[in-house]
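In case you want the letters, here they are:
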Amino acid sequence: MISIKELKTKSDLKDFVKFPFKLYKDSKYWVPPIISEELKTFNKKENPVFNDAEATLFLAYKNGEIVGRVAAIINSLEIKNPTMKKMRFGWLDFIDDLEVSKALFNKIEDIGRSHNLVFSEGPVGFSNLDKVGVITEGFDSIAPMVTWYNHPYYVKHYEAANYKVEKAYTESRFPFKNVKPEFFLKAQELIKKRYQLKALEFTKTEEVMPYVDKMFDLFNESYALLSSFVAITDVQKAYFKKKFISFVNPEYIKFVVDKDDNLIGFAIVMPAFSKALQKMNGKLFPFGFRHILHAKKHSKEVIFYLIGIHPDYQNKGVHAVIFNEYYNTFTEKGIETCIRTPELEDNYAIHQIWKHFDPEVYRRRKTFRKDL
């Protein structure tokens, strides 16, 4: 018999966060989250996303043992749009038992109907900066820190619950040796002169901070037309600034400004922390932090996390300026592999940016939808 329990206590939340450590204990490709950070994600006092969203967390039990979990999420900013009456869900994990997944899906759908929502979609997080999608192809590669990993059997559970594919994403990678500077070296000089642009270089995190709010504003503007986009609020900007920016090497943050110092392009690249996180096994202390610092300094793999160009400058070659800056930085650091986080298959503009580097699509993932 399957029983579903809504989380009420700190102990319940710890069980929720730690369940995947058991489910994926034998996987070479799953990357553990940092337990303390994952707990903060669901702390309403820590995470300002709860100013505009609510989450109900559930654990599934079978014979007294935890066998599944899910977060049912309603983003109030999103559902104000009559075409986006969506019941979000994420952090969905379960053993290979259709009765378990069915019970979890039923909870999601019941909440959606009780709020007069039109459809459910997942796995997704609270916002567009969260993890997204269930892997449908490419289970034999280590997962980047900023994505979820799942067992191959997950897809059949979505299908059994009558969920249909809603969005498709690809993840790709390319060796840095594929990057040929002749594709952008001359072009970026012409573009900087034509539009009176300059690239900003940083060596310290405090140098980045004055531009971070502008970056999030540009993120909102440049991604606004993508499906299911929910803008980052001012309170969330402050939260993400504190949580993420110090995590990123300042030399991996590239900004392009115009003659009036207005931000018109940005990109954030992160060292690959996945192997460090596997060694940490969820714990920052006493020694986990060392693995993070070592990866931050020595990783030969980098992950392109975000890139955005102001709508007025899209299709004008600004990305060539950004790539030229990264080429110099990566050459100096001996970077060997570049990895891209999940990108919508129908985001043709972003795919065009990378075409000269001959990227290999090594993983596909999807979100699934069901009308309520």
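Look up: the structure comes first, before these words.
Describing the side chain of K237
Logical step 1: For K237, the position within the fold is in helix α8 (residues 234-244).
Logical step 2: Apart from the residues within four sequence positions on either side, K237 is in contact with D213, F216, D217, N220 and I232.

Side note on the packing of aromatic side chains
Logical step 1: Applying the stated criterion to the full structure yields 43 aromatic pairs.
Logical step 2: Arranged with centres 5.3 Å apart and planes meeting at 45 degrees, the rings of Y153 and Y154 form a pair that is tilted. Each member of the pair, Y153 as well as Y154, carries the same accessibility label: buried.
Logical step 3: When the ring of F304 is compared with that of Y326, the centres are 5.4 Å apart and the planes differ by 75 degrees; the resulting orientation is edge-to-face. With F304 in strand β11 (residues 301-309) and Y326 in helix α11 (residues 318-333), this residue pair connects regions lying 22 residues apart in the sequence. Both residues of the pair, F304 and Y326, count as buried.
Logical step 4: If you follow R173 out to its NZ or CZ, it ends over the ring of Y362, 4.2 Å from the centre.

Remarks on empty space enclosed by the protein
Logical step 1: One pass over the structure, following the stated rule, counts 5 cavities of 30 Å³ or more.
Logical step 2: In this model, the largest cavity occupies a volume close to 240 Å³.
Logical step 3: In terms of lining, the largest cavity is formed by 23 residues, of which the most central are W30, R69, D93, W148 and Y149.
Logical step 4: Of all elements in the fold, only α1 (10-23), β4 (86-94) and α5 (154-160) reach the threshold of two or more residues within the lining of the largest cavity.
Logical step 5: Here the element with the most residues in the lining of the largest cavity is β4; it accounts for 3 residues.
Logical step 6: By residue class, the composition of the lining of the largest cavity is 16 nonpolar, 3 polar and 4 charged.

Here we look at the pairing of β11
Logical step 1: Among the 9 residues in β11, 8 count as buried, and that is most of the element.
Logical step 2: One ladder, built from 7 bridges, connects strand β10 (residues 263-271) with β11; its direction is antiparallel. In the strand pairing of β11, P271 is matched with V302.
Logical step 3: Here β11 runs beside strand β12 (residues 337-344); their pairing, made up of 4 bridges, is parallel. By the bridge assignment, E301 is partnered in β12 with T337.
Logical step 4: The β-α-β motif built from β11, the intervening α11 and the parallel element β12 has right-handed crossover chirality.

Notes on the pattern of salt bridges
Logical step 1: Under the defined criterion, the tally for this structure stands at 29 salt bridges.
Logical step 2: Among the ionic pairs, R69 bridges to D93, the shortest N-O distance being 3.0 Å. Of this pair, R69 sits in strand β3 (residues 65-75) while D93 is found in strand β4, placing the two residues 24 residues apart along the sequence. Each member of the pair, R69 together with D93, is buried.
Logical step 3: The partner of E360 in a salt bridge is R173, with the nearest N and O atoms 3.2 Å apart.

Cut-offs applied
Residues numbered from 1 in each chain as written. Predicted model: local features only at pLDDT ≥ 70, side-chain atom pairs only at ≥ 80, totals over all residues. Heavy atoms only, no water. Helix = DSSP H or I, 4+ residues; strand = E, 2+ residues; numbered from the N terminus. Contact = heavy atoms within 4.5 Å. Phe/Tyr/Trp six-rings, centres within 6.5 Å; stacked < 30°, edge-to-face > 60°. Buried < 20%, exposed > 50% of the residue type's maximum accessible area, 1.4 Å probe, protein only. Lys NZ or Arg CZ within 6 Å of the ring centre and 35° of its normal. 1 Å grid on protein atoms, 1.4 Å probe; cavity = no way out; pocket = protein on both sides within 12 Å on 5 of 7 lines; lining within 4 Å. Points joined across faces, edges and corners; volume = space filled by probe spheres on them. Nonpolar A, V, L, I, M, F, W, Y, C, P; charged D, E, K, R; others polar. Pairing = 2+ DSSP bridges. Right-handed = clockwise from strand over helix to strand, strands pointing away. Salt bridge = Lys/Arg side-chain N within 4 Å of Asp/Glu carboxyl O.

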